[in-house]
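One-letter residues, chain by chain:
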Amino acid sequence: MRCGKMAAPPPPAAGAPGAWGGVRRRCQRLLYWVPVLFISSILCWSYYAYVTQLCLLTMTNIGEKVVCLVAYHVFFMLFVWSYWKTIFTLPMNPSKEFHLSYSDKESLEREPRGESQQEVLRRAAKDLPIYTRTMSGAIRYCDRCHLVKPDRCHHCSVCDKCILKMDHHCPWVNNCVGFSNYKFFLLFLAYSLLYCLFIAATDLQYFIKFWTNGLPDTQAKFHIMFLFFAAAMFSVSLSSLFGYHCWLVSKNKSTLEVFRAPIFRHRTDKNGFSLGFSKNLRQVFGDEKKYWLLPVFSSENHLFPAKPLRDSQSHLLTDAPSWSETAAKAEKGKVGMSNPALTMENET
């Protein structure tokens, strides 16, 4: 008999369920970009309204024009730069050490839920630096990604991936906000707020002239009016959101952890990851202060996860080796501490 390569299976027919499922997923991915396109269109219009209609056509003082145009473009550049980085920085996923081996996955699927599965998870998690548990006390396991979840890691139903230090999935950036881009997200909120406040402040006197008939009857007056309304409206919403995330950073919390406090071996501790204000700030922005205001990655912990707890909270862990010992083991290919599995529980 003549040997040859096996023919590839034919693609699904146009009316097959698999084909329709693929079309639906592609349509969903396109729809996810609608909020980003909306923000981008508002930004483009605001640039035209402020630069052309307000600065170039309405302002008469040359010095005011120059100062406003220079300051505006600084805020505009920082806003666009941080927004771009938030959108296109890929979320960081757990490393391969947290994934179950092929044999462990087979054992987990073959065995019924019970002691056998506990043994599989115990074997997979015994050398991993994990401290948190599920609500029932089980090791956090994701049956979609087939991995033991690191601390502060959660599965995103939109991205269909486990995201390190996940805060939330933001539709306005069409991306998960987590360990790799949380600093960019904060700077995006900060610079968008400053952008709106600057526009509202410099547009205010011309907005007042609009209502007192102090502006010539041109199309610029309508751009000036709507520009002030949009800037003021976004300033209110952005200030509350930015303030909330500044509070989260000061406490070293994520949005998910506010709604459901992390659970450790013996109890729940809503401040379990707090290291003090200064260290909490460096967890996000890093040690190099010269990079804090720039949307470049400068977080302190390039190897994730890092030691999550203050020394005063070491009672939350049982029989845990010191982190220096853990770091020494990491250099030899072993990290973490011994964590016996209790029961397997799926958790997002």
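Per chain, the residues get numbers from 1 upward, laid out in the order the sequence is written. Owing to the predicted nature of the model, reporting of local features is limited to residues with pLDDT of at least 70; listing and counting of side-chain atom pairs is limited to 80 or more, with chain, interface and lining totals taken over all residues. Here the side-chain values reflect all heavy atoms present in the structure, with hydrogen atoms and water set aside.

Topic: the overall build of the protein
Helices and strands together make up the secondary structure of the protein, namely 10 helices and seven strands. Throughout, a contact is declared for two residues whenever any of their heavy atoms are within 4.5 Å. If you take every contact in the protein between residues at least 6 apart in sequence, the share linking residues at least 24 apart comes to 64%. Here the protein displays about 19300 Å² of accessible surface, and carbon together with sulfur accounts for 64% of that area. Think of it this way: any DSSP run of H or I at least four residues long counts as a helix, any run of E at least two long counts as a strand, and we number them from the N terminus. Here, Shrake-Rupley sampling with a 1.4 Å probe gives the accessible areas, and only protein chains in the shown set may cover a residue.

Focus on the packing of helix H6 (residues 182-211) against helix H7 (residues 220-251)
Only the contacting stretch of a helix is used when fitting its axis, a line to C-alpha atoms as for every element, and angles between N-to-C directions run 0 to 180 degrees. The contact between H6 and H7 brings their axes to 7 Å, and the two run at 145°. For the element pair H6 and H7, the recorded crossing hand is left-handed. In this count, Pro and Cys sit with the nonpolar residues alongside Ala, Val, Leu, Ile, Met, Phe, Trp and Tyr, while Asp, Glu, Lys and Arg are called charged and the others, Gly among them, polar. Residues of the contact of H6 with H7, tallied by class, amount to 27 nonpolar, four polar and two charged. A clockwise turn of the near helix away from the far one marks a right-handed crossing, whereas an anticlockwise turn of less than a right angle marks a left-handed crossing.

Considering the nonpolar core
Side chains of nonpolar character tend, in soluble globular proteins, to be buried together. We define the nonpolar core as a collection of buried residues of types Ala, Val, Leu, Ile, Met, Phe, Trp, Tyr and Cys that are connected through side-chain atoms lying within 4.5 Å of one another. Three labels apply to residues, based on accessible area from a 1.4 Å probe with only protein chains included: buried if under 20% of the type maximum, exposed if over 50%, partly exposed otherwise in between. Tyr50, Tyr83 and Tyr182 are the most contacted members of the largest nonpolar core, which has 47 residues in total. Of all the secondary-structure elements, those providing two or more residues to this core are helix H2 (34-56), helix H3 (62-88), H6, H7 and helix H9 (277-285). Sequence-distant contacts of Tyr83, that is, excluding residues within four places in its chain, are made with Val36, Ile39, Ser40, Trp172, Val173 and Phe188.

Examining the UniProt feature "transmembrane region" (unreviewed entry) in the protein
UniProt positions are given in the numbering used here, feature names are shortened, and annotations may be inferred rather than shown by experiment. Within this structure's numbering, the places UniProt gives as "transmembrane region" (unreviewed entry) are residues 30-50, 62-84, 184-202 and 222-244. The span residues 30-50 is 90% helical and 0% strand by assignment, and the distance between its end C-alpha atoms comes to 30 Å. Helix makes up 100% of residues 222-244 and strand 0%. Its end C-alpha atoms lie 34 Å apart.

Description of the pattern of salt bridges
Here a salt bridge means any side-chain nitrogen of Lys or Arg lying within 4 Å of a carboxyl oxygen belonging to Asp or Glu. Scanning all chains against the criterion turns up five salt bridges. One salt bridge in this structure joins Arg144 and Asp160, with 2.8 Å as the shortest N-O distance. Taken as a pair, Arg144 in the loop between strand E1 (140-142) and strand E2 (147-148) and Asp160 in the loop between strand E3 (154-156) and strand E4 (161-163) lie far apart in primary sequence, 16 residues in all. By relative accessible area, Asp160 is classed as partly exposed at 38%.

Focus: the environment of Lys96
Checked against the element boundaries, Lys96 lands in the loop between H3 and helix H4 (102-110). When its relative accessible area of 69% is taken as the criterion, Lys96 is described as exposed. The sequence separation of Lys96 and Leu147 amounts to 51 residues, and the corresponding C-alpha distance is 8.7 Å.

Comments concerning the environment of Gln118
If you trace the backbone, Gln118 turns up in helix H5 (residues 115-125). The exposure class of Gln118 is buried, given its relative accessible area of 16%.

Notes on H6
Each turn of an α-helix holds 3.6 residues, which means side chains three or four residues apart point in the same direction. Here the expected span of a helix is defined as 1.5 Å times the quantity of residues minus one. The terminal C-alpha atoms of H6, which comprises 30 residues, lie 42 Å apart, in line with the 44 Å expected from a rise of 1.5 Å per residue. What the bend at a residue measures is the angle between two axes, fitted to the seven residues ending there and to the seven starting there. By the largest-angle criterion, Leu204 marks the main kink of H6, which is about 50°. Of all 30 residues that make up H6, 22 are buried, and the element is covered over most of its length. Asn213 sits one or two positions beyond H6 and adopts a positive phi of about 60°.

Concerning the state of the cysteines
The criterion for a disulfide is a pair of cysteine sulfur atoms lying within 2.5 Å. Counted under the stated rule, the structure contains zero disulfides. With no disulfide of its own, Cys142 lies 3.6 Å from the sulfur of Cys162, the closest cysteine sulfur. Exposure remark for Cys142: the relative accessible area of 3% places this residue in the buried category.

Looking at H2
With 23 residues, H2 should reach 33 Å at 1.5 Å per residue; the first-to-last C-alpha distance of 31 Å fits that figure. Buried within H2 we find Pro35, Val36, Ile39, Leu43, Ser46, Ala49, Tyr50, Val51, Gln53, Leu54 and Cys55.

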